[in-house]
Amino acid sequence: MSLTNKQKQFLKGLAHPLKPVVLLGANGLTEGVIAEIEQALEHHELIKVKVPEEDKELRQQIMATIVQHTDAEQVQIIGKTQILYKQAEEPQIKIPRR
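Residues numbered from 1 in each chain as written. Predicted model: local features only at pLDDT ≥ 70, side-chain atom pairs only at ≥ 80, totals over all residues. Heavy atoms only, no water.

### So, unusual backbone geometry
The phi angle at glutamate 45 is positive, at roughly 70°, despite the residue not being glycine. Within the secondary structure, glutamate 45 sits in the loop between α2 (31-44) and β2 (46-50). Overall, the relative accessible area of 0% leaves glutamate 45 in the buried class. At aspartate 71, a position not held by glycine, the phi torsion is positive, near 60°. A relative accessible area of 61% means that aspartate 71 is categorised as exposed. (Helix = DSSP H or I, 4+ residues; strand = E, 2+ residues; numbered from the N terminus. Buried < 20%, exposed > 50% of the residue type's maximum accessible area, 1.4 Å probe, protein only.)

### What about α2?
Its 14 residues give α2 an end-to-end C-alpha distance of 20 Å, which sits within 8% of 20 Å, the value for a rise of 1.5 Å per residue. Within α2, burial applies to Val33, Ile34, Ile37, Ala40 and Leu41. Burial along α2 is one-sided: seen end-on, the buried residues are contained in an arc of 125°. Relative to its buried face, α2 has exposed residues pointing more than 90 degrees away, namely Glu31, Gln39, Glu42 and His43. Summarising the contacts, the buried residues of α2 are in contact with β1 (22-23), β2, α3 (56-70) and β4 (81-85). Glutamate 45 occupies a position one or two residues after α2 and carries a positive phi of about 70°. (Expected span 1.5 Å × (residues − 1). Arc of directions from axis to C-beta. Contact = heavy atoms within 4.5 Å.)

### Some thoughts on the sheet that holds β1
Read across the sheet, four strands follow the order β1-β2-β4-β3 without closing on themselves; strand pairing throughout is mixed. Of all strands in the sheet, those bounded by a partner on one side alone are β1 and β3 (73-78). Across two bridges, the pairing between β1 and β2 is parallel. What sits directly across from leucine 23, in β2, is lysine 50. With respect to the sheet, helix α1 (residues 5-15) is in contact with β2, β3 and β4, its orientation differing from that of β3 by roughly 60°. Across the face of the sheet, α2 comes into contact with β1, β2 and β4 while running at roughly 155° to β2. (Pairing = 2+ DSSP bridges. Axes fitted to C-alpha atoms, helices over the stretch in contact; angles between N-to-C directions.)

In structure tokens form, the structure reads like this:
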């Protein structure tokens, strides 16, 4: 599922007041962190993930890996924070069609 710009704008508005649910620690991106992200996406559908890595290229690689392993849609990246969306089996968020 690929999100349109209008859908991304809608999700950005919903994500604005949210606090990061997952914060990567000193160990970086581990299987446990990915499992935690997947669980948070299942429960909330729309989450923020904080990647405190200083190296911008490495941070972008980590964020791309998260998207790849979780099959989530990347809505936006703001600095070190990534906004992810993954529709649940029973969707709580009703996004616009187009």
